[in-house]
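Given next are the chains, with one letter for each unit.
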Amino acid sequence: MKRLVVYYSLSGNTREAAETIARALEADLMELETEKSMPKNFAAQIIVGGGQVAFNHIPKLKPLTKDVASYDEIILGSPIWNSKGVPAVNAFLQDEETAKKVTSLFFLSGGGEVEKGLTAITKLLPNLKNTVSLLDKKHADSKNNDEKIKEFIGQIG
Ligand SMILES: Cc1cc2nc3c(=O)[nH]c(=O)nc-3n(C[C@H](O)[C@H](O)[C@H](O)COP(=O)(O)O)c2cc1C
């Protein structure tokens, strides 16, 4: 089973989880990056990112660094923006064959609602089996992330 962990991360939380999961599964790792970078300032990120989610904007991605077609399974990681997955992840899932390979999904949030994001993304992922919702390092309950990641890895098998 050839596995790829794919993620987008603006401030590092999803990257850290992706690295842990890839290491545990002995999977390859690929970061999604948009051609246009996001503002550095958090308030501006909320305006720009929030607007992109609201208008279902599909950004242009930088060229992928792995040949996705050569993998059997994808484990996908996304931060939650405005209660949903990020535009870069939606861009990655525009290819139906790619979306079919995603069996497992991990979300990183600030502690807000993730159900809306899960419902929206589930529609794009016909073979989704495992999901886990993790918390930003700034959240007090993020200390439970390690345990949740362990369980998630166990489910992936
Ligand atoms: C544009 C934007 C919108 C966000 N919207 C939400 C939200 O609706 N709910 C929530 O719980 N967290 C929200 N967050 C917080 C992120 O989901 C959280 O900080 C996450 O850990 C970021 O992951 P990263 O460090 O990999 O970028 C938002 C962050 C940004 C930048």
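Definitions and limits used
Residues numbered from 1 in each chain as written. Predicted model: local features only at pLDDT ≥ 70, side-chain atom pairs only at ≥ 80, totals over all residues. Heavy atoms only, no water. 1 Å grid on protein atoms, 1.4 Å probe; cavity = no way out; pocket = protein on both sides within 12 Å on 5 of 7 lines; lining within 4 Å. Points joined across faces, edges and corners; volume = space filled by probe spheres on them. Helix = DSSP H or I, 4+ residues; strand = E, 2+ residues; numbered from the N terminus. Nonpolar A, V, L, I, M, F, W, Y, C, P; charged D, E, K, R; others polar. Phe/Tyr/Trp six-rings, centres within 6.5 Å; stacked < 30°, edge-to-face > 60°. Buried < 20%, exposed > 50% of the residue type's maximum accessible area, 1.4 Å probe, protein only. Lys NZ or Arg CZ within 6 Å of the ring centre and 35° of its normal. Near = heavy atom within 4 Å. Polar contact = N/O pair within 3.5 Å; in protein donor to acceptor, adjacent residues only side chain to side chain. Areas by Shrake-Rupley, 256 points an atom, 1.4 Å probe, with all protein chains shown as cover. Sits in = over half its atoms within 2 Å of the grid points. Expected span 1.5 Å × (residues − 1). Arc of directions from axis to C-beta. Contact = heavy atoms within 4.5 Å.

K.L.:
Which parts of the structure should I look at to understand the layout of surface pockets?
P.N.:
One water molecule sets the probe size; rolling that probe over the atoms shows where empty space is left. Of the voids in this model, the largest pocket is the one considered here, and its volume is about 550 Å³. Along the wall of the largest pocket there are 24 residues; nearest its centre are Ser11, Phe42, Ile80, Trp81 and Asp136. Elements that contribute at least two residues to the lining of the largest pocket include exactly helix H1 (13–25), helix H2 (42–54), strand E3 (73–81) and strand E5 (102–109). Here the lining of the largest pocket gets five residues from one element, more than from any other, and that element is H2. For the lining of the largest pocket, the per-class residue count stands at seven nonpolar, 14 polar and three charged.

K.L.:
What exactly am I supposed to notice about the packing of aromatic side chains here?
P.N.:
Centre distance and the angle of the planes are the two values used to describe a pair of aromatic rings. On inspection of all chains with the given rule, the structure shows two aromatic pairs. For the ring pair Tyr8 and Trp81, a centre distance of 5.8 Å and an interplane angle of 85° mean the geometry is edge-to-face. Here Trp81 lies in strand E3 and Tyr8 lies in the loop between strand E1 (3–7) and H1, a separation of 73 residues in the sequence. Here Tyr8 matches Trp81 in class, with each residue buried. On the numbers, 6.2 Å between centres and 65° between planes, the contact of Phe106 with Phe152 is edge-to-face. Placement of the pair is Phe106 in strand E5 and Phe152 in helix H6 (residues 145–156), with a sequence separation of 46 residues. Here the guanidinium or amino end of Lys2 rests over the ring plane of Tyr71, the centre of that ring lying 4.4 Å away.

K.L.:
How do you make sense of the site of the ligand when you look at a structure like this?
P.N.:
If you check the shell around the ligand, you find 19 residues, and the closest are Ser9, Ser11, Thr14, Ile80 and Asp136. At 2.6 Å from an oxygen atom of the ligand is found a side-chain nitrogen or oxygen belonging to Thr14. One of the backbone nitrogen or oxygen atoms of Ile80 is found 2.6 Å away from an oxygen atom of the ligand. Look at the ligand: alone it shows 650 Å² of surface, and the protein chains cover 89% of it. In this structure the site holding the ligand corresponds to the largest pocket. Those elements that place two or more of their residues in the shell around the ligand are H1, H2, E3 and E5. Broken down by element, the residue count for the shell around the ligand peaks at three residues, all from E3.

K.L.:
Help me understand H1 in this model?
P.N.:
One turn of an α-helix holds 3.6 residues; hence residues three or four places apart share an orientation. Counted at 1.5 Å a residue, the expected span for H1 with its 13 residues is 18 Å, and the 19 Å between its end C-alpha atoms agrees. For H1, every residue scored as buried is listed here: Asn13, Thr14, Ala17, Ala18, Ile21, Ala22 and Leu25. One side of H1 holds all its buried residues, which, seen down the axis, span an arc of 155°. Where H1 is buried, its residues meet E1, strand E2 (28–31), E3, E5, strand E6 (130–135) and H6. Glu26 lies just past H1 and shows a positive phi near 55°.

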